[in-house]
Amino acid sequence: MARGISREGIVGAALEVLDDRGIDGVTVRAVAGRLGVRAPALYYHVRDKQELLDEMGTEIQRRVVAELAGRPPGEHWTDDLVAYARALRTVHLAHRDGARTFSGTLVTDPAVLRAQEPWLRRWRAAGVSAIDALDGFDLVTAFVVGFVIEEQERLRSATDDPTRYADEDRDRRLGDGVPLVAELGRARHDTTARFDRQLDALVAGIDARFGR
């Protein structure tokens, strides 16, 4: 084991590599280079790239838990889902390719999973079953991940080409006679407002299906 190398330090370096190079650039060798060591020095802590991604994803989930820590219980069980969705989006947007990178990773820290217990107990008391809670969580998570992947891809594309999503160019390509299509294009620009509207619609559906 190389001196001075810790799992926490490896994860921090991996997140820096992610921000610099994107998910395709995250390798054990690249992270080792960021730490100034050779790749074998990291294998005491992480066996391969998948385990590295799991540790990165676990750290991101810790940050989601931290975002929600101390928040008073919502009046309704879906208030918790909305708070979770917003925290998840915030944390994923903090890193390049955040939603792509952390989706599907294995949470390795039991404390992150145990943090769900107070929420689940409140929901159970409100009449929400464990399976309905699971489906509610999964639906909201899938929505946030998909939304943020698209959001980050558009941001990256617009950074490379600031005119890529210009309304004037889009209107010229569309031509006349489709004002509603043109209006929809403009409505996409305020991503936070769009996220909130769509999240509200999703959560209303979840409550109608699973609420008691």
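As the structure is a computational prediction, the values presented were derived from the model and not from experiment.

Focus: the UniProt feature "DNA-binding region" (unreviewed entry) in the protein chain
Moving on, step 1. Annotation from UniProt places "DNA-binding region" (unreviewed entry) at residues 27-46.
Moving on, step 2. Between the end C-alpha atoms of residues 27-46 there is a gap of 11 Å, over a span that is 40% helix and 0% strand.

Quick word on the packing of aromatic side chains
Moving on, step 1. This model, assessed by the stated rule, comprises 8 aromatic pairs.
Moving on, step 2. For the pair Trp119 and Phe137, a centre-to-centre distance of 6.5 Å together with 15° between the ring planes defines the contact as stacked. Of this pair, Trp119 sits in helix 7 (residues 117-125) while Phe137 sits in helix 8 (residues 130-160), and the two are 18 residues apart along the sequence.
Moving on, step 3. Accessibility expressed as a relative area gives 12% for Trp119, which makes it buried.
Moving on, step 4. Overall, the relative accessible area of 14% leaves Phe137 in the buried class.

With respect to the pattern of salt bridges
Any two side chains of opposite charge can pair if their charged atoms end up close together.
Moving on, step 1. In total, this model carries 20 salt bridges according to the counting rule given.
Moving on, step 2. Measuring nitrogen to oxygen at the nearest pair gives 2.8 Å for the salt bridge that ties Glu55 to Arg7. One end of the pair, Glu55, is in helix 3 (residues 49-68); the other, Arg7, is in helix 1 (residues 7-21), and 48 residues separate them in sequence.
Moving on, step 3. Judged by its relative accessible area of 5%, Glu55 falls in the buried class.
Moving on, step 4. Looking at Arg7, the relative accessible area reads 30%, which means it is partly exposed.
Moving on, step 5. What you see here is one network of salt bridges that share partners, running through Arg7, Arg47, Glu51 and Glu55.

Comments concerning unusual backbone geometry
Moving on, step 1. Even without glycine at this site, Asp97 takes up a positive phi of about 55°.
Moving on, step 2. Among the secondary structure elements, Asp97 is positioned in the loop between helix 4 (77-93) and helix 5 (98-102).
Moving on, step 3. Its relative accessible area of 11% is what places Asp97 among the buried residues.

Regarding helix 11 (residues 191-210)
Quick reminder: α-helices carry 3.6 residues per turn. Residues three or four places apart thus point the same way.
Moving on, step 1. If you check helix 11, its first and last C-alpha atoms are 28 Å apart, about what 20 residues at 1.5 Å a residue would give, namely 28 Å.
Moving on, step 2. The complete set of buried residues in helix 11 reads Arg194, Phe195, Leu199, Val203, Ile206 and Phe210. Buried residues of helix 11, seen end-on, are gathered within an arc of 155° and therefore sit on one face of the element. Helix 11 presents Ala201 and Ala208 as exposed residues on the side facing more than 90 degrees away from its buried surface.
Moving on, step 3. The secondary structure elements touched by the buried residues of helix 11 are helix 4, helix 8 and helix 10 (179-187).

Digging into the nonpolar core
Most often, soluble globular proteins have nonpolar side chains that are buried together.
Moving on, step 1. If you look at the biggest cluster of nonpolar residues, it comprises 51 residues, and the most contacted ones within it are Val31, Leu42, Met56, Tyr84, Trp123 and Val144.
Moving on, step 2. Of all the secondary-structure elements, those providing two or more residues to this core are helix 1, helix 2 (28-35), helix 3, helix 4, helix 5, helix 7, helix 8 and helix 11.
Moving on, step 3. With 9 residues, helix 4 is the largest single contributor of residues to this core.
Moving on, step 4. Ignoring any residue separated from it by four or fewer positions in sequence, one finds Val144 in contact with Ala85, Leu88, Arg89 and Phe195.

Here we look at the side chain of Asp167
Moving on, step 1. For Asp167, the position within the fold is in helix 9 (residues 167-174).
Moving on, step 2. Judged by its relative accessible area of 18%, Asp167 is buried.

Describing the packing of helix 8 against helix 11
Moving on, step 1. One can describe the packing of helix 8 onto helix 11 by two numbers: an axis separation of 11 Å at closest approach and a directional angle of 160°. Comparing the axis directions of helix 8 and helix 11 gives the class roughly antiparallel. Read as a crossing pair, helix 8 and helix 11 show a hand that is right-handed. Taken together, the residues of helix 11 that come into contact with helix 8 (itself represented by Asp132, Asp135, Gly136, Leu139, Val140, Phe143, Val144, Phe147 and Glu151) are Thr191, Arg194, Phe195, Gln198, Leu199, Leu202, Ile206 and Phe210.
Moving on, step 2. Residue classes in the contact of helix 8 with helix 11 are distributed as 10 nonpolar, 3 polar and 4 charged.

Cut-offs used in this document
- The residue numbering used here restarts from 1 in each chain and proceeds along that chain's sequence as written.
- A pLDDT threshold of at least 70 governs which residues receive local features in this predicted model, and a stricter bar of 80 or more applies before side-chain atom pairs are shown or counted, although totals over entire chains, interfaces and linings include all residues.
- To obtain the side-chain values, all non-hydrogen atoms of the structure were used and water was disregarded.
- UniProt positions are given in the numbering used here, feature names are shortened, and annotations may be inferred rather than shown by experiment.
- Each helix corresponds to a stretch of at least 4 residues labelled H or I by DSSP, and each strand to a stretch of at least 2 residues labelled E; elements are numbered beginning at the N terminus.
- Centres within 6.5 Å are what make two rings of Phe, Tyr or Trp a pair, Trp counting through its six-membered ring; a difference in plane orientation under 30 degrees is then read as stacked, over 60 as edge-to-face, and the rest as tilted.
- Three labels apply to residues, based on accessible area from a 1.4 Å probe with only protein chains included: buried if under 20% of the type maximum, exposed if over 50%, partly exposed otherwise in between.
- Salt bridge criterion: a side-chain nitrogen from Lys or Arg within 4 Å of a carboxyl oxygen from Asp or Glu.
- A helix's residues, less one, multiplied by 1.5 Å, set its expected span.
- The arc in question is the one spanned by the directions pointing from the helix axis to the C-beta atoms.
- Contacts are residue-level and defined by heavy atoms, with any inter-residue pair within 4.5 Å sufficient.
- Side-chain atoms within 4.5 Å link the members of a nonpolar core, which is a set of buried Ala, Val, Leu, Ile, Met, Phe, Trp, Tyr and Cys residues.
- The convention used is that axes are lines fitted to C-alpha atoms, helices contributing only their stretch in contact, and that angles between N-to-C directions extend from 0 to 180 degrees.
- For classification purposes, angles smaller than 35 degrees are called roughly parallel, those larger than 145 roughly antiparallel, those between 65 and 115 roughly perpendicular, and all remaining angles oblique.
- Crossing handedness is read from the near helix: turned anticlockwise from the far helix by less than a right angle, it gives a left-handed crossing, and turned clockwise, a right-handed one.
- In this classification, Asp, Glu, Lys and Arg are treated as charged, Ala, Val, Leu, Ile, Met, Phe, Trp, Tyr, Cys and Pro as nonpolar, and every other residue, Gly included, as polar.

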